[in-house]
Amino acid sequence: MRIAVCIKQVPDAEGRLQVAADGKWIDEDEIKFVINESDQYALEEALTLTEAHGGEVVVFSLGPDRVQDALRKALALGAKRAVHLADSAFHGGDAHATARALAAAIRSEEFDLVLTGAQSDDAGYGATGSMLAGLLGWPHAWLVMGLEVDEGGGSAKVTREMESGMNEFFRLQLPAVIEVQAGLNHPRYASLKGIMQAKRKPVDRPTPADLGLVADEVGMAGSRLEIVDVAFPDSGVGAQIFEGDPATAAKALIEKLRNEARVL
Amino acid sequence: MAKSIWIVMQQREGKLHRMSREAIAAGQQLAAMVGGTASAVLIAGDDALAAEVAAYELEAVKVAASPALVDYTPGAFVGALGSAIAAERPDYVLFPHTYQSVDFVPRLSQEVGAALVPETISFEMVGDEVIWKRPILGGKLQSRVRVKGEGTVFATLQSGAFPVDSAAAATTPAAVQAMALGDLVADREILGVEQAGDDEVDLTKADIIVGVGRGVGGPDKLGPLEELAERLGADIGASRPVIDNGWLPRDRQIGSSGQTVAPKLYLAVGISGAIQHQVGMKGSSCVVAINKDKSAPIFGISQYGLVGDLHELVPALNAALAESE
Ligand SMILES: Cc1cc2nc3c(=O)[nH]c(=O)nc-3n(C[C@H](O)[C@H](O)[C@H](O)COP(=O)(O)OP(=O)(O)OC[C@H]3O[C@@H](n4cnc5c(N)ncnc54)[C@H](O)[C@@H]3O)c2cc1C
Ligand SMILES: Nc1ncnc2c1ncn2[C@@H]1O[C@H](COP(=O)(O)O)[C@@H](O)[C@H]1O
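None of these values were measured; they are calculated from a predicted model.

With that settled, the discussion passes to the domain arrangement of chain A. The accessible area lost on association of the parts is a frequent measure of interface size. By the assigned domains, chain A splits into domain 1 (2-222) and domain 2 (234-264). Relative to domain 2 of chain A, the C-alpha centre of domain 1 of chain A lies at a distance of 43 Å.

Residue and element names in this part refer to chain B. Helix H4 (residues 99-112) packs onto helix H3 (residues 74-88) with a crossing angle of 45 degrees between their chain directions and a minimal axis gap of 9 Å. If you check the angle between H3 and H4, you find them oblique. The two elements H3 and H4 cross, and the hand of that crossing is right-handed. Between H3 and H4, the residues in contact are Pro74, Phe77, Val78, Leu81, Gly82 and Ile85 and Gln100, Asp103, Phe104, Arg107, Leu108, Glu111 and Val112, respectively. Split by residue class, the contact of H3 with H4 holds eight nonpolar, two polar and three charged.

Opposite the 84 residues of chain B that make contact, chain A presents 83 residues. Regarding the contact of chain B and chain A, the summed buried area is about 7,100 Å², with carbon and sulfur atoms giving 56% of it. For chain B, the biggest contributors to the area lost against chain A are B:Tyr99, B:Lys148 and B:Tyr304; these three give 11% of the whole. A:Glu161 is paired through a salt bridge with B:Arg240; the nearest N and O atoms lie 2.9 Å apart. Run the count over chain B and chain A and you get 37 residue pairs in polar contact (both at pLDDT 80 or more). When residues in the side of chain B that touches chain A are grouped by element, the largest group, nine residues, is from H4(B). Of the residues in the side of chain B that touches chain A, the class split is 35 nonpolar, 25 polar and 24 charged.

Structurally, A:Ser223 can be placed in the loop between strand S11 (203-204) and strand S12 (225-231). For A:Ser223, the contacting residues outside a window of four places in its chain are A:Gly92, A:Gly93, A:Asp94, A:Ala97 and B:Lys148.

This brings us to the nonpolar core. Formed by 92 residues in total, the largest nonpolar core has its most connected members in B:Leu58, B:Leu81, B:Trp132 and B:Phe154. At eight residues, helix H3 (residues 95-107) of chain A tops the list of elements feeding residues into this core. B:Trp132 has contacts with B:Leu30, B:Tyr92, B:Val117, B:Thr120, B:Ser122, B:Phe123, B:Ser143, B:Arg144, B:Val145, B:Val147, B:Val153 and B:Ala155, leaving out every residue within four places of it along the chain. In terms of nonpolar packing, the next biggest core, distinct from the first, is built from 40 residues, A:Val5, A:Ile7, A:Ala46 and A:Val57 among them.

Glancing now at the sheet that holds strand S14 (residues 208-212) of chain B. With parallel pairing, six strands are arranged side by side in an open sheet as S13(A)-S18(B)-S17(B)-S16(B)-S14(B)-S15(B). Lying at the two open borders of the sheet, with one neighbouring strand each, are strand S13 (240-241) of chain A together with strand S15 (235-238) of chain B. In the sheet, S14(B) pairs with strand S16 (residues 265-269) of chain B via five bridges, with the strands oriented parallel. Each bridged residue has a counterpart across the sheet, and for B:Val212 the counterpart in S16(B) is B:Val269.

All right, on to the side chain of B:Ser302 then. Examined against the element boundaries, B:Ser302 turns out to sit in the loop between strand S17 (286-291) and strand S18 (304-307). The buried category is assigned to B:Ser302, whose relative accessible area is 4%. Within the local environment of B:Ser302, its side chain forms a polar contact with the backbone oxygen of B:Ile298, the two atoms lying 2.7 Å apart. Leave out the neighbours within four places in its chain, and B:Ser302 touches A:Gly238, A:Ala239, B:Val287, B:Val288 and B:Ala289.

Quick notes on the rules
- Residues numbered from 1 in each chain as written.
- Chains lettered and ligands numbered in written order.
- Predicted model: local features only at pLDDT ≥ 70, side-chain atom pairs only at ≥ 80, totals over all residues.
- Heavy atoms only, no water.
- Domains from an automatic or database assignment.
- Axes fitted to C-alpha atoms, helices over the stretch in contact; angles between N-to-C directions.
- Helix = DSSP H or I, 4+ residues; strand = E, 2+ residues; numbered from the N terminus.
- Parallel < 35°, antiparallel > 145°, perpendicular 65-115°, else oblique.
- Left-handed = near helix turned anticlockwise from the far one by under 90°.
- Contact = heavy atoms within 4.5 Å.
- Nonpolar A, V, L, I, M, F, W, Y, C, P; charged D, E, K, R; others polar.
- Buried area = accessible area lost by both parts, 1.4 Å probe.
- Salt bridge = Lys/Arg side-chain N within 4 Å of Asp/Glu carboxyl O.
- Polar contact = N/O pair within 3.5 Å; in protein donor to acceptor, adjacent residues only side chain to side chain.
- Core = buried A, V, L, I, M, F, W, Y, C linked by side-chain atoms within 4.5 Å.
- Buried < 20%, exposed > 50% of the residue type's maximum accessible area, 1.4 Å probe, protein only.
- Pairing = 2+ DSSP bridges.

Here it is as structure tokens:
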């Protein structure tokens, strides 16, 4: 099986966020970046599948130069090759524009399956994978918690998460785009050997023209959505905060829970 | 020209999803704002359900009725809505932001060439354009977006963002119309539905819950939280990453994919307060947040908060409780 996995590099959930000077995104200077959480599970699933069925995994990522770190990490984990859509014409796109670029890159090879994460932890469109499937003309499933490729590889049994702790099951024809939800497996750690090997694995950097795209179909120019500004939510009245050292704050809180809220 | 707004209902076995009513409220609001009319689209509903929707103030209720639409598949839903949207070109189409919508709406938007604003929490008119607000970075920030270019705009509407109560009832019921349907091809062979976890722990009846978040840092750090739960007579619940990482079993998960709880006291420890977690616990009478980041969204829905390192604060709470016992 040849499997394409789309991974996005996103700000670390732990990082302190600040609004950038132009007010349109966060300040990226001081923060750490990681592979998007659900994409880590997508990559693990792809690696496990190729271990069981044979084949190889190719990772695709669209983003600036820093994205190389994410791709190297994926190569260290076991991906065979990487494709980096690094050209600045690709950047700043909405889900439609990003899907268009990824679809063109994926279409220039043959794959049996494309795996993506269910949702990016920064933009959070929850849409790129399904749009990609539409562009490829393949079936798709969003929020997948289980994937079993049938004997022969022509179809797969999919478990999809529903609201309130239920799962639904169905069978899909392959090739398909599967949008993986966090939690469906246990992502591995990179080995030292893997990290060494990753240094020699190829990373392609096609331009829009290489993929038969014109620059204004992708990136910001190819997007229908444009960010006006970003801001911290106005959290309203908000919580009553107890200051001071931990012991004092803890005592004050317990006192309020007993005598004001009366919940203890 | 008057704008046309469609509001796509989600239903299951003849019952409207709560968020379908929220979507009606939002659609009416948008119609008033941009100057236009709102119609509901009902997929595979019976007459009783159509009449229920028609009781809201709407231009029409468009019913897409076909045996191929009874069981949800994205192929059939995209086929049904896609041909109707291509033929009638509504200006806006609103959907509840449910797991079902997120499965098929992006694909539908791609097929009909509509712009998509996912997870809208509000919209406003600025000059003569609609500006949409949506959460980014797990709800830690919000972005306002505008839509460029011509053509239909889709938006999915986040749970709880548009109160059901504000949906206006009709004086005379809206007209119910059958929708013309294109080719409906199921692209999934449906096999069944099942409970996800073991479902051994029922948190819905708990009086007090200690909610454990990723900020706790690992399964070896749970001790002081377990002690806190014991001192309070509380049950332990968790956010999704805690479960995904295997620190606690899946039947402890609270949120849109887990249990919906409403205890009298909920202590959110090391939980940022993403919407998918909030929908599972915001019915709690009293919420206390313990977090080192004072801009974490959880503080916005909490009555009380402690800002600092939970590894110091939780033991301090245990000591304070021990002292006052
Ligand atoms: C379709 C879908 C369904 C989902 N369903 C659910 C669901 O059912 N339930 C759910 O919970 N989530 C769900 N999620 C995930 C959700 O979006 C969030 O990612 C998740 O709730 C975040 O969990 P968290 O708050 O524990 O982690 P984070 O967002 O990483 O927050 C950790 C918090 O801990 C704080 N912290 C870190 N260290 C310390 C310390 N030493 N002391 C004090 N504070 C500290 C940080 O400041 C931060 O606020 C779902 C997501 C999707 C896309
Ligand atoms: N810039 C990108 N590069 C690679 N994959 C991406 C990119 N943006 C989105 N994706 C993929 O699409 C999924 C959904 O992203 P989103 O639609 O932004 O929520 C992610 O989990 C990734 O797998």
